[in-house]
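Residue strings, one per chain:
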Amino acid sequence: MAAAGDGPWLDDAAGRLVRPYQVSNGRTRPSTALDLLSQVMATGATPLGYLGPEHSQALELCRDPVSVAEVAAHLKLPAAVTKVLLSDLVDCGALSTKPPTFHHNPTDRSLLEAVLDGLRRQL
């Protein structure tokens, strides 16, 4: 039985029915360098050729700028697989990327505390 909203890809008892390596056609390395914090956004271009359902879902998630990590979380896929899917979309011109930029030290205690406070407010 599929979990609500997950369609045929997830099963309550068995878990994910399509293994991650199948989603990326066995590829483990993206053709485009992507960091977990890289921002991706749909360009509006229509991808040519066949895209799997995960590609379509990823493209839908990228209507607004979103991080690679967020896309992976929404798709419930490992980050490595998500990077391969997103790089496919970049290669066909459907996505643009922006590398992460840090104006501050990313391990600055005050920044980490602000992130933690924001997460606590969301829960």
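Everything that follows concerns the structure shown earlier in this document.
The structure displayed is predicted, hence computed values, not measured ones. Every chain is numbered on its own, with residues counted from 1 as its sequence reads. Totals for whole chains, interfaces and linings use all residues, but because this is a predicted model, local features are given only for residues with pLDDT of at least 70 and pairs of side-chain atoms are given and counted only at 80 or more. Just so you know, side-chain values use all the structure's heavy atoms and leave hydrogens and water out.

A.B. asks: Go over the pairing of strand 3 (residues 39-42) with me, naming the residues and quoting the values.
C.D. replies: With 2 bridges connecting them, strand 3 and strand 4 (residues 66-67) associate as antiparallel partners. Across the sheet, Gln-39 pairs through a bridge with Ser-67, a residue of strand 4. For two strands to pair, DSSP has to find at least two bridges joining them. Strands here mean DSSP runs of E at least two residues long; helices mean DSSP runs of H or I at least four residues long; both are numbered from the N terminus.

A.B. asks: For the packing of helix 2 (residues 53-61) against helix 4 (residues 79-91), give the residues involved together with the corresponding values.
C.D. replies: Look at helix 2 against helix 4: their axes get within 10 Å of each other, and the N-to-C directions meet at 75°. With respect to each other, helix 2 and helix 4 are oriented roughly perpendicular. Touching Glu-54, His-55, Ala-58 and Leu-59 of helix 2 are Leu-85, Leu-86, Asp-88 and Leu-89, all from helix 4. Throughout, the ten residues Ala, Val, Leu, Ile, Met, Phe, Trp, Tyr, Cys and Pro are labelled nonpolar, Asp, Glu, Lys and Arg are labelled charged, and all others, Gly among them, are labelled polar. Taken together, the residues of the contact of helix 2 with helix 4 break down into 5 nonpolar, 1 polar and 2 charged. Lines fitted to C-alpha atoms define the axes here, with helix axes fitted over just the stretch in contact, and angles between the N-to-C directions of these axes take values from 0 to 180 degrees. The scheme is simple: roughly parallel for angles under 35 degrees, roughly antiparallel for over 145, roughly perpendicular for 65 to 115, oblique for anything else. Contacts are assigned to residue pairs that have any heavy atoms within 4.5 Å of one another.

A.B. asks: Mind laying out unusual backbone geometry, listing which residues take part and the relevant values?
C.D. replies: Despite not being glycine, Lys-76 has its phi angle at roughly 60°, a positive value. Within the secondary structure, Lys-76 is located in the loop between helix 3 (68-75) and helix 4. The classification of residues rests on relative accessible area computed with a 1.4 Å probe and restricted to protein chains. Under 20% of the type maximum is buried, over 50% is exposed, and intermediate values are partly exposed. Overall, the relative accessible area of 49% leaves Lys-76 in the partly exposed class.

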